[in-house]
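Structural description and commentary
Spelled out, the chains give:
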Amino acid sequence: HAATFIKQIATDVLSEVQPMPSIEPVQAWSYKNTALMAQTFCLAATSHGLATCMMEGFDARRTKQILRVPDRYGIPLMIATGYDYHQPEDLPK
């Protein structure tokens with residue numbers, strides 16, 4: 001992205017004079033923020049009695065195709081959400 005490139009040049013020039021924050025690509029920034037939101041979702045779901053499981057390593061291309069997600073978006077992770085399964089013998093009598 002052009003904006004990231006321009007920010008990086010300005011940061012490199014000014015960092016000689018004063019400390020500057022590092023510039024990350026937009027995708028890295030958005031994936032980090034997605035992870036923070038996912039953590040908040042999991043904590044909220046758990047507080048409402050739901051079980052969650054964050055997943056990565058799935059086929060993102062096929063997932064985007066099935067869910068009809070436009071190419072300009074990425075899927076950094078998925079969260080399975082539902083109620084815990086209990087075997088009948090595990091239930092209180």
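Residues numbered from 1 in each chain as written. Predicted model: local features only at pLDDT ≥ 70, side-chain atom pairs only at ≥ 80, totals over all residues. Heavy atoms only, no water.

Re the overall build of the protein
Defined as follows: Going along the chain from the N terminus, every DSSP run of H or I of four or more residues is numbered as a helix, and every run of E of two or more is numbered as a strand.
Along the protein, the regular secondary structure elements total three helices and two strands. Order of helices (α) and strands (β) in the protein, N terminus to C terminus: α-α-β-α-β.

Some details on unusual backbone geometry
The test is simple: Here's how the labels work: a residue is buried when its accessible area is under 20% of the maximum for its type, exposed when over 50%, partly exposed in between, all with a 1.4 Å probe on protein chains only.
Residue R68 is not a glycine yet carries a positive backbone phi of 60 degrees. By secondary structure assignment, the location of R68 is in the loop between α3 (60–67) and β2 (78–82). Its relative accessible area of 75% is what places R68 among the exposed residues.

Some thoughts on a nonpolar patch on the surface
Note the cut-off: Here a patch means residues that are over 30% exposed by relative accessible area and free of salt bridges, tied together within 9 Å if like-charged and within 5 Å if nonpolar (Val, Leu, Ile, Met, Phe, Trp, Tyr). To be clear on the numbers: accessible area is Shrake-Rupley with a 1.4 Å probe, and residue cover counts the displayed protein chains and nothing else. For this analysis, a salt bridge means a side-chain nitrogen from Lys or Arg found within 4 Å of a carboxyl oxygen belonging to Asp or Glu.
Where nonpolar side chains cluster on the molecular surface, the patch consists of F5, I6, I9, V13 and L14 and spans about 500 Å² of accessible area. Along the chain, L14 turns up in helix α1 (residues 2–14). Given a relative accessible area of 38%, L14 falls into the partly exposed group.

Describing the side chain of K64
The criterion, for reference: Under the convention used here, Asp and Glu are negative, Lys and Arg are positive, and both His and the chain ends fall outside the count. Working rule for contacts: check all heavy atoms of both residues, and any pair within 4.5 Å makes them a contact.
Residue placement: K64 occurs in helix α3. Buried charge K64 goes without a salt bridge, the closest partner of opposite sign being D71 at 4.4 Å. Apart from the residues lying within four places of it in its own chain, the contact partners of K64 are V69, P70, D71, Y73 and I75.

Topic: the confidence of the model for the protein
To be explicit about the condition: A score from 0 to 100, pLDDT tells how confident the predictor is in each residue.
When pLDDT is averaged along the protein, the result is 85, and 87% of the positions lie at 70 or above. Mean pLDDT across the secondary structure elements of the protein bottoms out at α1, with 78, and peaks at β2, with 95.

Points about α3
The test is simple: As used in this structure description, the phrase polar contact means that two N or O atoms lie within 3.5 Å; if the pair is within protein, one of them must be able to donate a hydrogen and the other to accept it, and residues adjacent in sequence are counted only when both atoms belong to side chains.
The N-cap of α3, judged by a side-chain oxygen 3.3 Å from the amide nitrogen of R61 a few residues on, is D59. Where α3 ends, the next residue or the one after it, R68, has phi of about 60 degrees, a positive value.

Section: the side chain of T63
Summarising the element assignment, T63 is placed in helix α3. Residues in contact with T63, not counting those within four places in the same chain, are F58, I75 and M78.

Section: the state of the cysteines
Convention followed: Here, two cysteine sulfur atoms that lie within 2.5 Å of each other are counted as a disulfide.
Enumeration over the complete set of coordinates arrives at zero disulfides. Of all cysteine sulfurs, the one in C53 lies closest to C42, which takes part in no disulfide; the gap is 8.4 Å. The exposure class of C53 is partly exposed, given its relative accessible area of 43%.

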